[in-house]
Amino acid sequence: MSSDATSAQLQGMDSTAGYAEGAEALAEQYESVTFAEVHREVLHLIPARPGRVLDIGAGSGRDAAALAAQGHRVVAAEPTVELRSLGRRRHADRQIEWTDDALPELPGLIAAGSRFDLILLTAVWMHLDERQRALGMGRVAGLLATGGRIILSLRHGPVPMGRRMFPVTAQETIGLARGHGLDVLHHAQREDPHGRPGVSWTYLGFELPR
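What counts and what doesn't
Residues numbered from 1 in each chain as written. Predicted model: local features only at pLDDT ≥ 70, side-chain atom pairs only at ≥ 80, totals over all residues. Heavy atoms only, no water. Helix = DSSP H or I, 4+ residues; strand = E, 2+ residues; numbered from the N terminus. Expected span 1.5 Å × (residues − 1). Buried < 20%, exposed > 50% of the residue type's maximum accessible area, 1.4 Å probe, protein only. Arc of directions from axis to C-beta. Contact = heavy atoms within 4.5 Å. Polar contact = N/O pair within 3.5 Å; in protein donor to acceptor, adjacent residues only side chain to side chain. Core = buried A, V, L, I, M, F, W, Y, C linked by side-chain atoms within 4.5 Å. Right-handed = clockwise from strand over helix to strand, strands pointing away. Pairing = 2+ DSSP bridges.

**Quick word on helix 7 (residues 130-141)**
Step number 1: Taking 1.5 Å per residue, 12 residues should reach 16 Å; helix 7 reaches 17 Å between its end C-alpha atoms and fits that length.
Step number 2: What helix 7 keeps buried is the set Gln132, Arg133, Gly136, Met137, Val140 and Ala141. The arc that holds the buried residues of helix 7, viewed along the axis, is 150°, so those residues lie on one side.
Step number 3: The inward-facing, buried residues of helix 7 contact strand 1 (52-56), strand 4 (116-121), strand 5 (144-156) and helix 8 (170-179).
Step number 4: For helix 7, the capping residue at the N-terminal end is Asp129, with a side-chain oxygen 3.2 Å from the backbone nitrogen of Arg131.

**Notes on helix 5 (residues 81-90)**
Step number 1: Inspection of helix 5 places Leu83, Arg84, Leu86 and Gly87 among the buried residues, and these make up the whole buried set. One side of helix 5 holds all its buried residues, which, seen down the axis, span an arc of 165°.

**Points about the nonpolar core**
Step number 1: Leu54, Leu103, Ile119, Leu121, Trp125, Ile150 and Leu182 are the most contacted members of the largest nonpolar core, which totals 32 residues.
Step number 2: Of all elements in the fold, only strand 1, strand 2 (73-77), strand 4, helix 7, strand 5, helix 8 and strand 7 (200-207) reach the threshold of two or more residues within this core.
Step number 3: Non-local contacts of Ile119, meaning those with residues more than four positions away in its chain, are made with Leu54, Ile56, Val140, Leu143, Leu144, Arg149, Ile150 and Ile151.
Step number 4: Counting residues in hydrophobic clusters, the runner-up holds 23 residues, among them Ala65, Leu67, Ile96 and Leu118.

**Remarks on the environment of Glu82**
Step number 1: The topology assignment puts Glu82 in helix 5.
Step number 2: Linking Glu82 and Ser60, residues 22 residues apart in sequence, is a C-alpha distance of 9.3 Å.

**Concerning the pairing of strand 5**
Step number 1: Burial of strand 5 is extensive: 10 of the 13 residues sit out of reach of the surface.
Step number 2: In this view, the connection linking strand 4 to its parallel neighbour strand 5 by way of helix 7 has right-handed handedness.
Step number 3: Bridge count between strand 5 and strand 7: eight bridges; the pairing is antiparallel. Within the sheet, the bridge partner assigned to Leu154 lies in strand 7 and is Thr202.

**Considering the environment of Met126**
Step number 1: You can see Met126 is positioned in the loop between strand 4 and helix 7.
Step number 2: For Met126, a relative accessible area of 1% puts it in the buried group.
Step number 3: Sequence-wise, Met126 and Arg164 are 38 residues apart; in three dimensions their C-alpha atoms are separated by 8.3 Å.
Step number 4: Excluding residues within four positions of it along the chain, Met126 makes contact with Arg155, Arg164, Met165, Phe166 and Val168.

**Describing the pairing of strand 2**
Step number 1: Along strand 2, four of the five residues are buried, which leaves the element largely enclosed by surrounding structure.
Step number 2: Taken together, strand 1, helix 4 (residues 62-69) and strand 2 form a β-α-β motif whose crossover is right-handed.
Step number 3: Bridge count for strand 2 against strand 3 (residues 96-99) is four bridges, and the pairing is parallel. Across the sheet, residue Ala77 finds its bridge partner in strand 3, namely Thr99.
Step number 4: You can see the chain leave strand 2, run along helix 5 and come back into strand 3, and the turn it takes is right-handed.

Any functional reading would require information that these geometric values do not contain.
Set out below in structure tokens:
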């Protein structure tokens with residue numbers, strides 16, 4: 001299949017394709033590594049003082065639960081009902097506000113008018129096409145409180161069967177962030193914490209200046 005045909009096929013898929021069917025297995029995969037290991041490159045960017053945190057694409061709730069345990073007030077946005085239900089059950093002992101919302105529009109969160117001190121986008125951005133990424137960055141930046149930070153990870157490598165992912169670079173992502181007035185705090189690469197062949201990650205940190 002040509003690259004143009006592959007791109008057209010990906011464009012036609014939903015950004016959450018493959019997640020509902022594999023929710024149980026994916027939740028086990030997510031929970032098999034700790035929050036500290038997954039985010040070791042950016043732990044220093046997480047506010048020490050408890051604040052308002054938004055986890056976009058929260059999946060099984062691993063990260064939301066870890067941040068809630070640190071005293072943060074966490075909103076977990078997860079559009080896949082199966083993952084959202086699993087997360088609610090698995091982390092029922094944590095104070096997490098679960099919501100059904102998704103990039104690029106984030107209509108519910110935008111309508112609520114909340115502002116967050118930290119927004120986490122873990123393994124989410126590559127599910128959006130170029131137009132959606134441009135729109136999504138504006139939506140996410142608009143949810144930041146002054147001085148708030150975004151921690152964002154980009155997945156590189158082969159696309160799992162049945163999923164929709166696009167090649168995305170740090171340079172493009174940094175350009176979009178700067179276009180919305182965000183400063184770059186961090187830029188690093190690392191291997192895949194799950195040890196998957198050919199998969200690597202870029203971690204980026206942004207801040208809305210005071």
